[in-house]
Amino acid sequence: MNLPIFHDVSLEALDARQPAFFRFRQLPMAPDKVVLSNLEGRWLVLDKADFQTFARGEVEEGSELFTKLRQRNFLRAYYDVPAAAEMIRARREFVGAGPNLHIMVITLRCNTTCVYCHASRANMDQVQTDMTKEIAEQSVDFILQSTNPAVTIEFQGGEPLVRFDLLQHVVEYAHEKNEVAQKELDFTLVTNLSLMDEKKLDWLIENRVQICTSIDGPQDVHDKQRKLPKASAHGEAIKWMKRIDERYREMGLDETLYHVEALVTTTRPILDRWKELVDLYVDLGCRALFLRPLDPFGWAEKTARLIEYPRAEYIEYYRNAVDYMIELNKQGVEILERYAAIFLTKILSGVDPNFLDIRQPSGAGIGQLAYSYDGTIFTCDEGRMLHESGDDTFAIGHVGTSKYRDVVGHETVRAVVVAGQLEGQADCVNCPYVPYCGIPPVHSHRIQGSLLGRMRESSLCQVHKGIQDYLFEKLATGDEETLQILEKWTTIRPRDHFVHVPAGAE
Ligand code: SF4
Ligand code: SF4
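Residues numbered from 1 in each chain as written. Chains lettered and ligands numbered in written order. Predicted model: local features only at pLDDT ≥ 70, side-chain atom pairs only at ≥ 80, totals over all residues.

1. Quick look at the domain arrangement of the protein chain
We apply this condition: All domain edges in this entry derive from an automatic or database-based domain assignment. C-beta atoms are placed from the backbone for every residue, and two residues are taken to be in contact when these atoms lie within 7 Å. Helix numbers and strand numbers start at the N terminus; a helix is a DSSP run of H or I with at least 4 residues, a strand a run of E with at least 2. Here the term charged refers only to Asp, Glu, Lys and Arg, the term nonpolar to Ala, Val, Leu, Ile, Met, Phe, Trp, Tyr, Cys and Pro, and the term polar to all other amino acids, Gly among them.
By domain assignment, the protein chain separates into domain 1 (3–91) and domain 2 (101–398). Taken over C-alpha atoms, the centre of domain 1 sits 40 Å from the centre of domain 2. Taken together, the contact between domain 1 and domain 2 spans five residues of the former and five residues of the latter. For the side of domain 1 that touches domain 2, the element with the most residues is helix H3 (residues 81–91), which contributes three residues. Across the side of domain 1 that touches domain 2, the residue classes break down as three nonpolar, one polar and one charged.

2. Considering the sheet that holds strand E16 (residues 395–398)
For the record, the criterion: Note on pairing: two strands pair once DSSP finds at least 2 bridges between them.
On the basis of which strands lie adjacent, the open sheet formed by nine strands has the order E12-E10-E8-E7-E6-E4-E14-E15-E16 and mixed pairing. Each end of this open sheet is capped by a strand with a single partner; those strands are strand E12 (291–292) and E16. Where strand E4 (residues 101–105) and strand E6 (residues 150–156) come together, five bridges link them in parallel fashion. When the sheet's bridge partners are listed, Leu101 is paired in E6 with Thr152.

3. Section: the sheet that holds strand E1 (residues 23–27)
Here is the rule we go by: An axis is simply a line fitted to the C-alpha atoms; with a helix, the fit covers only the stretch in contact. Between two such axes, the angle follows the N-to-C directions and lies from 0 to 180 degrees.
Taken in spatial order, the three strands make up an open sheet running E1-E2-E3, and their pairing is antiparallel. With one partner strand each, in any of the chains shown, E1 and strand E3 (43–47) form the two edges of the open sheet. The sheet shows a mean angle of 25° between the axes of neighbouring strands, direction not considered. The sheet contact formed by strand E2 (residues 30–37) and E3 spans five bridges and is antiparallel. From the neighbouring strand, Lys33 faces E3, where its bridge partner is Asp47. Sheet strands touched by helix H1 (residues 48–55): E1, E2 and E3. Its angle to E3, the strand with the most contacts, is close to 110°.

4. Digging into the site of ligand 2
So the rule is basically this: What makes a residue near a molecule or strand is its C-beta atom, placed from the backbone, lying within 6 Å of it.
Around ligand 2, the structure places Leu422, Asp427, Cys428, Cys431, Tyr433, Val434, Cys437, Ile439, Met455, Cys461, His464 and Lys465. Taken together, the residues of the shell around ligand 2 sort by class into nine nonpolar, one polar and two charged.

5. Observations concerning the site of ligand 1
In the vicinity of ligand 1, the contacting residues are Cys110, Thr112, Thr113, Cys114, Cys117, Ala119, Arg121, Gly157, Gly158, Glu159, Asn192 and Arg226. Residues of the shell around ligand 1, tallied by class, amount to four nonpolar, five polar and three charged.

6. Observations regarding unusual backbone geometry
The linkage connecting Gly157 with the following residue, Gly158, adopts the cis geometry, with an omega of 5°. The topology assignment puts Gly158 in the loop between E6 and helix H5 (164–181). For the bond running from Gln360 to Pro361, omega is -10°, close enough to zero to count as cis. Here Pro361 lies in the loop between helix H12 (338–349) and strand E14 (368–371). We note that Gln182 has phi near 55°; this positive angle belongs to a residue other than glycine. Along the polypeptide, Gln182 turns up in the loop between H5 and strand E7 (184–190). Its identity as a non-glycine residue notwithstanding, Leu193 has a phi of 70°, on the positive side. Secondary-structure assignment places Leu193 in the loop between E7 and helix H6 (198–206).

7. What to know about the packing of helix H11 (residues 311–330) against helix H17 (residues 459–477)
Definition in use: Any angle that falls under 35 degrees is termed roughly parallel, while one over 145 is termed roughly antiparallel, one within 65 to 115 roughly perpendicular, and all others oblique. Note on convention: the crossing is left-handed when the near helix lies turned anticlockwise from the far helix by less than a right angle, right-handed when the turn is clockwise.
Viewed as axis vectors pointing N to C, H11 and H17 meet at an angle of 30°, and their least axial separation amounts to 10 Å. On the basis of the axis angle, H11 is roughly parallel to H17. Here the hand of the crossing between H11 and H17 comes out right-handed. Counting all contacts with H11, which are made through Arg311, Tyr314, Ile315, Tyr318, Arg319 and Val322, the residues of H17 involved are Ser459, Gln462, Val463, Gly466, Ile467 and Tyr470. Residue composition of the contact of H11 with H17, by class: seven nonpolar, three polar and two charged.

Below you can see the structure in the form of structure tokens.
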């Protein structure tokens, strides 16, 4: 608990009879403001003096502050238990649904060499890292046993286009088997786009496979981090993004919703080039930018001295970039930041957008599963990445031999679910952001050797805390237009075109 705010109040003066349970934090960049949240995630940002009055239990009945506190369920005498329980239930609606996201690594081979490759890619001649047709079919059979009525099969790599024939087979086989399973299916291809051609694109468009790629910044930054022999990785990715978007337009799809999604992996050279990065995404017609920091998986550790950075510098980059995005929105440009949209949805609307890496419990094992080329099943893609570095902690079965029930009930899944519940963890237990936060235990395991992280030293906690500090600061001090823009970022628009509804349900 950050007690310095009480430096002028003795602890004996605090009266617990008026306030209901709350957590609080003084905003580092706006120290006269204090964020408080309660168990169910209702929140207020109070001026320091009002906060101290509240903590002392001296808020005058009938005052404006009293009314505000009562409306948000912060007063013990008026605490609305059913309303709190309902809100907690709404925030955890995803628990028990079963894995929706199924990541298939149909090959580890890749024609690109990224300095941070989280996947630990294999060279193009390492054909032993291709999934066999039999394992691919067993993976699909396993996936369709999920209790979740909606299933996404995401092709990851390596570079999935290296085995486009197998990708096609998986899609066709999944449709065939889905005649019995009757799931809502969708398919996502995560690709560097350099092996795309018109024939493959025709097939992907006809089969409604979503396409997602990476753009790490302007050409010089991107090509330095993502090396493609004899060509510019940036040039190839941009060429195909434009071409695919053109095809969507020709099909009459709403261009504000249907376009190639691109992700940035933030490396050191882009930190002070946030404006160029945002402008590039806007020029490409993207409506969203996900300012992801580097993850501690794969090769990122080996190349850290070239690409890593202190997370305080990342937060400065994040604040600059999002400030700029808000300004662009004020000028009529539609661009949102994904982290902000995820947190704001939880903060403002009280529901969880079910982003698997920022939820409690995290998605590992109960919201997602990953299937390696050899058929090994992992709790999550990061668990599969760790396996490539020699750590099998998150391996929980094999598609050829394991029963679905044994995999989702595996002791590792149980441990990860418990560890992903932040309310019981040191540091989180006192943090007002706990109703909105989430730290995948695989991350804590990787950087701290424990599923239960030590958040005070966690680089990911630092990122999440810094982003939420920024957002609450905006919510407390932003002008009306800024607040409207942030509210708009919480609007979720599903891409129904890519959903394959089971036959008979249409
Ligand atoms: S990050 Fe993806 S594109 Fe880059 S080397 Fe690794 S597998 Fe290939
Ligand atoms: S991970 Fe960090 S920011 Fe998130 S709830 Fe825990 S202490 Fe707060």
